[in-house]
Amino acid sequence: MIRNYLFILFLVLCSGKSVTLAQTEKVWVFGNAAGVDFNSGRAVPITTAMEGFGEANASVCDNKGQLLFYTDGSYVWNRNHQLMPDGKDLTPIRGNFTQSPTSSTSQGALIIPVPGNTSRYYIFSLTSVEQQQNAGRLYYSIVDMDSSGGLGNVLTDRKGVLLDSNLLEKMTGVRGDRCNIWLIVCDRSPTFKSYEITASGINLQPVVSNTGIGDFENYMPGCIALSPDRKKLAATRNMLSSGAGTNGLIVCDFNPVDGTISNAFSLLPGSGAYGICFSPNNTKLYVNATNGTSNPLYQFDLTKDRPADIQASQTYLGPSGFTQIKLAPDGKIYFRSSYDGSRLGSINYPDLSGTAAEFSSGTVILANGTRVGAGLPNAVPVFESDTLLTRMADTLPCFSQGMLLKARNAEGHQYLWNNNSTQNELWVSRSGTYWVQYAIAPCNWYTDTFNIYFPSGRLPQLGKSEACKNANNAHAWLRPEPGDSTTYTYEWRDARLNILSKADSLLFVAPGNYSVWVRSATGCDTLLSFELNEIRSEVSFLSDSLACTGDILTFQNASGSYFSSFQWHFGDGRLSEQLQPSHSYPEAGTYTVQLVGYGQLCNDTAMAKITVDKPVAASISVDRDQVCAGESIFFTTGVDDAITNWVWDFGDGEVTASMSAQQQHAYAQSGTMIVSLNIHQRSCQDTDVVDTIRVNPLPLVQLGENGSLCLNQTTPILFNIFPRQAGDRYLWSTGSQNDTLLVKHPGNYTLRISSADGCTNEEQVTITGPCTLDIPNAFSPNGDGINDYFFPRRLPAAAVRAFHMLLTDRWGNPVFETRQLDGRGWDGKRSDQQLPAGVYIYAIQLTTITGKVENYQGNVTLVR
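Residues numbered from 1 in each chain as written. Predicted model: local features only at pLDDT ≥ 70, side-chain atom pairs only at ≥ 80, totals over all residues. Heavy atoms only, no water.

Draft legend 1. Looking closely at the overall build of the protein chain. Within the protein chain, the regular secondary structure consists of 3 helices and 71 strands. Taking 29 Å as the expected radius of gyration for a compact globule of 864 residues, we find that the protein chain reaches 56 Å, considerably beyond that expectation. Projected onto its principal axes, the C-alpha positions of the protein chain cover 155 × 100 × 50 Å. A burial count over the protein chain gives 49% of its 864 residues as buried. (Helix = DSSP H or I, 4+ residues; strand = E, 2+ residues; numbered from the N terminus. Rg over C-alpha atoms; globule rule 2.2 N^0.38 Å. Buried < 20%, exposed > 50% of the residue type's maximum accessible area, 1.4 Å probe, protein only.)

Right, here's the structure in full:
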């Protein structure tokens, strides 16, 4: 009985009365004593008791369209146009203006029905910019229509309650999607705040949305409007001085579920705006612009994709007054006429585009002695018509211990099951009738009813065992629960629907997907699909893949926990049953190691190859055991797959790492060279090999300085300034084999000396005809001030226009170069490094002032 009572009470509180926009706003009260009654289907002017500046107006009717009360935010009058007994001073502020603190606020008054209570209404009061330090304060009061004999009165303990401050003059309300209403205001950021109002009261923590567009601080006047489908929000700001600021209008998305406002964009650049209204089909937006000189009425087409295209759709409809714009129950949009305050203009077909909307400047002439100000009544947000739907569901679940019941619509809210559960689903395990009630946006109520019956028998439990890899030893079986005497029949099938068995078990099959039909004598029939898996545990191990003979290898078993015992085969005939064995190989070769794991049902084998190397016995081979200084010698050693690289040390300070077993090397100095070779193997220790090479010196030859055949001078005699050694053989370029050579003609003369060791060296001097150039054939850069530099002597600088000297070693590598006539010459170095004693080749070219080019070539000996 208690549950039924709670259910009925819940329906009464939440379903509410059928109220529509057309009924609650059938009578408009506004301005000074003005109003319009739409109950006849057309706008009929009436006279009211409304007073004030004329911007803040709100009125509400009952569900039959009969006027209940109206307010300017500071005073509230009943349907007999009398002030309610406690209907004065709905804010605690004394006005700083000739009117009340709220009547000069763009949207200073708003009436919202109290959710869940058909006789009470909120009045929200917002103070105007003229109130200076008290501007932008938001208060609320509650009117109880059961008071004063049904004429209503303000509850004294709910009068002038402060809700927020520092707000702009914008305020409106709209129904939400959770049996709630959103009160929307805007502060000076501009940040929108959405206060949620439910049957539990006002949530004092608003939903805050920052649009990121503009600064409204100096533009408090303006309005907020919601589209009829509640998906769009528009807000205006009236510029207090002509041309000040930009973006008189912003358009945003509104979410009635959570109250958030997003995706803002601006319209009307360079102009202000005041009144604003959407067309009934949500496709058009009407705006009362305020540019300081006139108040044109514009239409924007919201079906365009981009803000720029919406701005471009701006259409001028006609002149109006400084006015709010409001959609009426007759489908027209009304506004203050541009004539004066005695008329209302209208847009007769607001869903149509451009001038087809039919602008009319004087549709309604108000009652005598009444006038409309800037404002028309603020919107009254109400719930849509509630509907109670019932669905009967007879459910007979077979083979079940219970059943999960789900509400038909998972997007509802405020779920309530007959056991007081508030989830959208319920688990039941007994036969019976179950119901769930829930609301669907915006506030439509549904009830789903379920009749549940559990036939006899419970689904047998499915058991299964896995199969080994590459084996047909998987099993599956069905076992009735203990005490279940129901007779069952079975039919087992594979993935291709081939019938494999009609017993209560499926034996010796491969891993894969299978199904079984289960039928009972009571008529239950179900198909169970299942998978027989393969045992995934595998044998594996880790070890080095390379080793040297005699090394001890450790094998790390990394197998799965499924296996209980193991056997190792090392590939050389030896075995082990240890978990982590060690092993060494005395002979080189490649061995295949196997690990076999044994489990309760399955076995597995893992294999790996081990390469065992042996130390390499190496030696050095040379094409000869002695060479002359400057000659190359070839070195060769053995090649083996186990060798990764060779490091050669040639005994003269040069070390080379190579991937080749052959090397070629030339020695610049003579002497006995100790050649060593380090052979690096991939697994065994390095091997070192040593050999000796004899490098014989070159014969010393120096013919002295270049000379000339000049008049009155002795004829030059060429000879080697170094003593002739035993076994030396001389050969002059003239064919002479004597120790000296008498020169009778200018030219180049060469002496080649061959030593007893077979080494050859030579030098050349030049004997010139004219005595213009004296080139020395030797110098000793030892710092004693004598012959420290090599440079031509008696160089007639005054007669030479260009000069170039290049010196190279015996192999043609440049060691010095200059073009300076006044330089000191070569000091025996290359890149600041001293070069060894020996013979170097020079080439000199000079150009005289007459244009004659002279070339000189020869040898110079560097003496250390």
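Draft legend 2. Summary view of the environment of Leu 249. For Leu 249, the location among the structural elements is in strand S19 (residues 249-254). Residues Leu 249 and Arg 94, 155 residues apart in the sequence, show an inter-C-alpha distance of 32 Å.

Draft legend 3. The arrangement of the packing of aromatic side chains in detail. Scanning the model with the defined rule gives 33 aromatic pairs in all. Between Tyr 438 and Tyr 446 the ring centres are 5.9 Å apart and the planes differ by 15 degrees, which places this aromatic pair in the stacked class. The burial state of Tyr 438 is the same as that of Tyr 446; both residues are buried. Ring geometry for Phe 563 versus Phe 566: centroids 6.4 Å apart, planes at 55 degrees, classification tilted. The exposure classification of Phe 563 matches that of Phe 566, with both residues buried. (Phe/Tyr/Trp six-rings, centres within 6.5 Å; stacked < 30°, edge-to-face > 60°.)

Draft legend 4. Just a nonpolar patch on the surface, in detail. A surface patch of nonpolar side chains, amounting to about 380 Å² of accessible area, comprises Ile 717, Phe 719, Ile 721 and Leu 742. Checked against the element boundaries, Phe 719 lands in strand S60 (residues 717-719). For Phe 719, a relative accessible area of 41% puts it in the partly exposed group. (Patch = residues over 30% accessible without salt bridge, like charges linked within 9 Å, V, L, I, M, F, W, Y side chains within 5 Å. Areas by Shrake-Rupley, 256 points an atom, 1.4 Å probe, with all protein chains shown as cover. Salt bridge = Lys/Arg side-chain N within 4 Å of Asp/Glu carboxyl O.)

Draft legend 5. Broad picture of the sheet that holds strand S23 (residues 296-301). Overall, antiparallel pairing links the 4 strands, which are arranged S21-S22-S23-S24 in an open sheet. For this open sheet the edge positions go to strand S21 (272-278) and strand S24 (315-319), each flanked by a neighbour on one side alone. Pairwise comparison of adjacent strand axes, ignoring direction, gives a mean angle of 25 degrees for this sheet. Relative to S24, S23 is paired through 4 bridges, and the arrangement is antiparallel. Across the sheet, residue Leu 297 finds its bridge partner in S24, namely Gly 318. (Pairing = 2+ DSSP bridges. Axes fitted to C-alpha atoms, helices over the stretch in contact; angles between N-to-C directions.)

Draft legend 6. View of unusual backbone geometry. Positive phi outside glycine occurs at Asn 166, with the angle close to 60 degrees. Exposure remark for Asn 166: the relative accessible area of 44% places this residue in the partly exposed category. A positive phi angle is found at Asn 282, which is not glycine, with a value near 70 degrees. Among the secondary structure elements, Asn 282 is positioned in the loop between S21 and strand S22 (284-290).

Draft legend 7. Quick peek at the pattern of salt bridges. Under the criterion given, the structure shown has 18 salt bridges. Across the pair Asp 309 and Arg 306 runs a salt bridge, and its minimum N-O distance is 3.1 Å. The exposure class of Asp 309 is partly exposed, given its relative accessible area of 28%.

Draft legend 8. Quick look at the state of the cysteines. Applying the stated criterion to the full structure yields 4 disulfides. Between Cys 179 and Cys 443 runs a disulfide, and the two sulfur atoms are separated by 2.1 Å. With the S-S dihedral at roughly 100 degrees, the linkage between Cys 179 and Cys 443 falls on the right-handed side. With Cys 179 in the loop between strand S12 (167-175) and strand S13 (181-187) and Cys 443 in the loop between strand S33 (432-440) and strand S34 (444-452), this residue pair connects regions lying 264 residues apart in the sequence. No difference in accessibility class separates Cys 179 from Cys 443, as the two residues are buried. Just so you know, Cys 186 is unpaired, no disulfide at all, and the nearest cysteine sulfur is the one on Cys 252, 9.1 Å from it. For Cys 186, a relative accessible area of 0% puts it in the buried group. Just so you know, Cys 223 is unpaired, no disulfide at all, and the nearest cysteine sulfur is the one on Cys 277, 11 Å from it. (Disulfide = S-S within 2.5 Å.)

Draft legend 9. Region of interest: the sheet that holds strand S4 (residues 58-61). Read across the sheet, 3 strands follow the order S4-S5-S6 without closing on themselves; strand pairing throughout is antiparallel. In the strand order of this sheet, the two ends are held by S4 and strand S6 (76-78), each with one partner. On average, adjacent strands in this sheet sit at an angle of 15 degrees to one another, irrespective of strand direction. Across 4 bridges, the pairing between S4 and strand S5 (residues 67-71) is antiparallel. Directly across from Cys 61, in S5, lies its bridge partner Leu 67.

Draft legend 10. Up close: the pairing of strand S14 (residues 191-198). Counting buried positions along S14 gives 6 out of 8 residues, so the element sits mostly inside the fold. Looking at chain direction, S13 and S14 are connected through 6 bridges and run antiparallel. Across the sheet, the residue bridging to Ile 184 is Ser 194, located in S14. What sits between the antiparallel neighbours S13 and S14 is a turn of 3 residues. Sheet topology places S14 next to strand S15 (residues 201-202); 2 bridges connect them, and they run antiparallel. For Ile 197, the partnering residue across the bridge sits in S15 and is Ile 202.

Draft legend 11. Here's a closer look at the side chain of Asn 777. With respect to the element layout, Asn 777 can be found in the loop between strand S64 (760-768) and strand S65 (778-779). Its relative accessible area of 2% is what places Asn 777 among the buried residues. Polar side-chain contacts of Asn 777 include one of 2.8 Å to the backbone oxygen of Leu 703. If near-sequence neighbours (up to four positions away) are discounted, Asn 777 is found in contact with Gln 702, Leu 703, Gly 704, Glu 705, Asn 706, Glu 763, Val 765, Asn 859, Val 860 and Thr 861. (Polar contact = N/O pair within 3.5 Å; in protein donor to acceptor, adjacent residues only side chain to side chain. Contact = heavy atoms within 4.5 Å.)

Draft legend 12. How the structure looks around the nonpolar core. Residues Leu 249, Leu 267, Leu 268, Ile 276, Leu 285, Val 287 and Phe 300 are the most contacted members of the largest nonpolar core, which totals 20 residues. Those elements giving two or more residues to this core turn out to be S19, strand S20 (261-267), S21, S22 and S23. Broken down by element, the residue count for this core peaks at 4 residues, all from S21. (Core = buried A, V, L, I, M, F, W, Y, C linked by side-chain atoms within 4.5 Å.)

Draft legend 13. Expanded view of the side chain of Asn 153. Tracing the chain through its elements places Asn 153 in strand S10 (residues 153-154). Only 2.8 Å separates the side chain of Asn 153 from the side chain of Asp 86, close enough to count as a polar contact. Setting aside its immediate chain neighbours within four residues, Asn 153 contacts Met 84, Pro 85, Asp 86, Gly 87, Ile 142, Val 143, Asp 144, Ser 147 and Ser 148.

Draft legend 14. Representation of the pairing of strand S61 (residues 729-732) within the structure. Side chains Tyr 730 and Trp 732 project from S61 onto a buried face, and the interleaved Arg 729 and Leu 731 project onto a face without burial. Relative to strand S63 (residues 747-754), S61 runs antiparallel, the two being bridged by 4 bridges. From the neighbouring strand, Leu 731 faces S63, where its bridge partner is Arg 752.

Draft legend 15. Fine view of the confidence of the model for the protein chain. Here the protein chain shows a mean pLDDT of 86. Residues at 70 or above account for 90%. Across residues 1-21, where pLDDT falls below 50, the model places 32 contacts with residues more than four positions away in sequence or in other chains. (pLDDT = per-residue confidence, 0-100.)

Draft legend 16. Local environment of the environment of Arg 864. Following the sequence through the fold, Arg 864 ends up in the segment after strand S71 (853-862). You can call Arg 864 partly exposed: its relative accessible area is 46%. Polar contacts involving the side chain of Arg 864 include one to the main-chain carbonyl oxygen of Leu 835, which spans 2.9 Å.

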